[in-house]
Amino acid sequence: MQTILVTGGAGFIGSNFIHYLLENTEYNIINFDSLTYAGNIRNLDSVKEHPRYKFIKGDITSQKDLLKLSDEDFSLVVNFAAESHVDRSILAPNQFVMTNVVGTQNLLNLAVKKGISKFVQISTDEVYGSLGPDGYFTEKTPFDPTSPYSSSKAAADLIVMAYNKTFELPVNITRCSNNYGPYQFPEKLIPLMINNALSNKELPVYGDGKNVRDWIYVEDHCKGILLVMEKGENGQVYNLGGNSEKQNIEIVELLLEILNKPHSLIKYVTDRKAHDRRYAIDFTKINKDLGWNPETDFKTGMSKTVNWYLENRNWLDNIISGEYQQYYELMYKNR
Ligand code: NAD
Ligand code: TYD
């Protein structure tokens, strides 16, 4: 069976992808991750001794670390490794260009050298910018990124396509909407609000709370990535979405209801800079070409997610006891 190099496999989507692969396929997996604040090797505790799984600690921006992969035998690459949080990209943009752009290019060079059979770049719908009240992002929507995060992802997408054209590297790019589910770091909307509500802390809603995101349960995204890796047409981009547009305030109110906490915990705070108003995905292409659909409805996904956080308070407590406190102070104090 083939071996997949999964980069960033200790993060939210990457660890869900690895669990999904080990449970549902026969692939061997090498997880290459530098374990930044967002990478949590505990996410993979239950599979660390799995015969088809191997972890290598390394940074995709470091040539020296990448040498650790020179003797490894893999024929597929799925690149999740990234700085992924918009708010952090506003506070400290440089690392976003380093990891998301330079790191991706380093991996592309490695992939060309190894002659791998498919490189899948995990991109985001945020490269398309912001929508008004109507319309959807298609794969043909022009790039119009607004944050250092989304612009670094857009830059990476362009380089990936250039390697496809220039060096004939077989590639696909996936652009998915907002994921939610187990193992998501509590800097992102849903786990942050769950964590705060559980501690009876204020829930900081940016601006008027009416920004819209299209939410997808992470396992549905993972299934789509696998399908693209196996069946995606060389050089094609695929949008993935959850068919589940919600205003932020709707999500926050729903979480308070599920957790049986008072709405008085909601606090409207100063808006994010250049805050994209609405994301919505047209995923007709992957649906028609590969038969993919998001299978988990929002209610079911949210209830699974909240239950996971309730059953894994220890996981959350470990994260919020470290660097997280400083980040939270910096981002939310006096906001
Ligand atoms: P995450 O922040 O939870 O995880 C990122 C992982 O990458 C971490 O394990 C981290 O340690 C690792 N990493 C970071 N810099 C690295 C480096 N230089 N070298 C090696 N490893 C490094 O992110 P996520 O939410 O799981 O997102 C994964 C990918 O999916 C990203 O590329 C992101 O742009 C994309 N994406 C995310 C979402 C979402 O809703 N979370 C939606 C669409 C696309
Ligand atoms: P986020 O989870 O950071 O994802 P993204 O910005 O990549 O879509 O944020 C989702 C939405 O929630 C976004 O409109 C910003 C908003 N938000 C808040 O209102 N308060 C918060 O504390 C956070 C983290 C996000």
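Presented here is an overview of the structure given in this document. (Residues numbered from 1 in each chain as written. Chains lettered and ligands numbered in written order. Predicted model: local features only at pLDDT ≥ 70, side-chain atom pairs only at ≥ 80, totals over all residues. Heavy atoms only, no water.)

This part covers the overall build of the chain. Each helix and strand counted, the chain has twelve helices and twelve strands in total. Over its C-alpha trace the chain gives a radius of gyration of 19 Å, about what one expects of a compact globule, namely 20 Å for 335 residues. Dimensions of the chain, computed from C-alpha atoms along their principal axes, come out at roughly 55 × 45 × 35 Å. The buried share of the chain, reckoned over its 335 residues, is 58%. Contacts spanning at least 24 positions in sequence make up 82% of the contacts within the chain whose residues lie at least 6 apart. Carbon and sulfur atoms form 48% of the exposed surface of the chain, whose accessible area is close to 14,200 Å². When the 35 basic and 41 acidic side-chain charges of the chain are each reduced to a single mean position, those positions are 3 Å apart. (Helix = DSSP H or I, 4+ residues; strand = E, 2+ residues; numbered from the N terminus. Rg over C-alpha atoms; globule rule 2.2 N^0.38 Å. Buried < 20%, exposed > 50% of the residue type's maximum accessible area, 1.4 Å probe, protein only. Contact = heavy atoms within 4.5 Å. Areas by Shrake-Rupley, 256 points an atom, 1.4 Å probe, with all protein chains shown as cover. Lys, Arg positive; Asp, Glu negative; His and termini not counted. Charge placed at Lys NZ, Arg CZ, Asp CG, Glu CD.)

The buried fraction of strand β1 (residues 3-7) is high, at five of five residues. Residues of β1 alternate between two faces, with T3, L5 and T7 on one and I4 and V6 on the opposite face, all of them buried. Where β1 and strand β2 (residues 28-33) come together, five bridges link them in parallel fashion. Considered in β2, the bridge of T3 is made with N28. Taking the sense of rotation as the criterion, the β-α-β connection linking β1, helix α1 (residues 12-24) and β2 turns out right-handed. Across four bridges, β1 lies against strand β4 (residues 76-79) in parallel orientation. Residue pairing for β4: L5 is matched across the bridge by V77. (Pairing = 2+ DSSP bridges. Right-handed = clockwise from strand over helix to strand, strands pointing away.)

Quick look at the site of ligand 2 now. In the region of ligand 2, 19 residues are neighbours, and E126, R213, R272, H275 and Y332 sit closest. A distance of 2.8 Å is found between an oxygen atom of ligand 2 and a backbone nitrogen or oxygen belonging to L189. Take N248: an N or O atom from its side chain is 2.8 Å from an oxygen atom of ligand 2. With the chains in place, 98% of the 510 Å² that ligand 2 exposes on its own is no longer accessible. At the level of secondary structure, the elements contributing two or more residues to the shell around ligand 2 comprise α6 (189-198) and β8 (203-206). (Near = heavy atom within 4 Å. Polar contact = N/O pair within 3.5 Å; in protein donor to acceptor, adjacent residues only side chain to side chain.)

Attention now moves to the packing of aromatic side chains. Throughout the structure, instances matching the rule amount to 21 aromatic pairs. Taken together, the ring pairs connect Y37, F185, Y206, Y324, Y327, Y328 and Y332 into an aromatic cluster. Taking the ring centre of Y37 as reference, the NZ or CZ of R88 above it sits at 3.5 Å. Its end group placed over the ring of Y279, R213 keeps NZ or CZ at 4.0 Å from the ring centre. (Phe/Tyr/Trp six-rings, centres within 6.5 Å; stacked < 30°, edge-to-face > 60°. Lys NZ or Arg CZ within 6 Å of the ring centre and 35° of its normal.)

The next thing to look at is the site of ligand 1. Taken together, 28 residues lie around ligand 1, and I13, D33, S84, Y149 and K153 are the ones closest in. One of the backbone N or O atoms of T36 is found 3.0 Å from an oxygen atom in ligand 1. Within the contact set of ligand 1, a nitrogen atom lies 2.9 Å away from a backbone nitrogen or oxygen of I60. Residue assignment for the shell around ligand 1 shows that the elements contributing at least two residues are α1, β5 (118-124), α5 (148-167) and β7 (178-180). It is β5 that contributes the most residues to the shell around ligand 1, three residues altogether.

Let's shift gears to the sheet that holds β1. Spatially, β3-β2-β1-β4-β5-β6-β10 is the arrangement adopted by the seven strands of the open sheet, whose pairing is parallel. Pairing within the sheet leaves two strands with one partner each, and these edge strands are β3 (53-57) and β10 (236-240). Averaged over all pairs of adjacent strands, the angle between their axes in this sheet comes to 20°, without regard to strand direction. Strands β5 and β6 (171-176) of the sheet are contacted by α5, whose axis makes an angle of about 155° with β5. (Axes fitted to C-alpha atoms, helices over the stretch in contact; angles between N-to-C directions.)

Before going further, it helps to examine unusual backbone geometry. Excluding glycine, a negative phi dihedral is what most residues carry, and trans is how most peptide bonds are arranged. Located in the positive-phi region is L35, a residue other than glycine, with phi close to 55°. Relative to the helices and strands, L35 resides in the loop between β2 and β3. Phi is positive for N334, close to 60°, though the residue is something other than glycine. Within the secondary structure, N334 sits in the segment after α12 (324-332). For N334, a relative accessible area of 75% corresponds to the exposed category.

Don't take any of this as a statement about function, it's just geometry.
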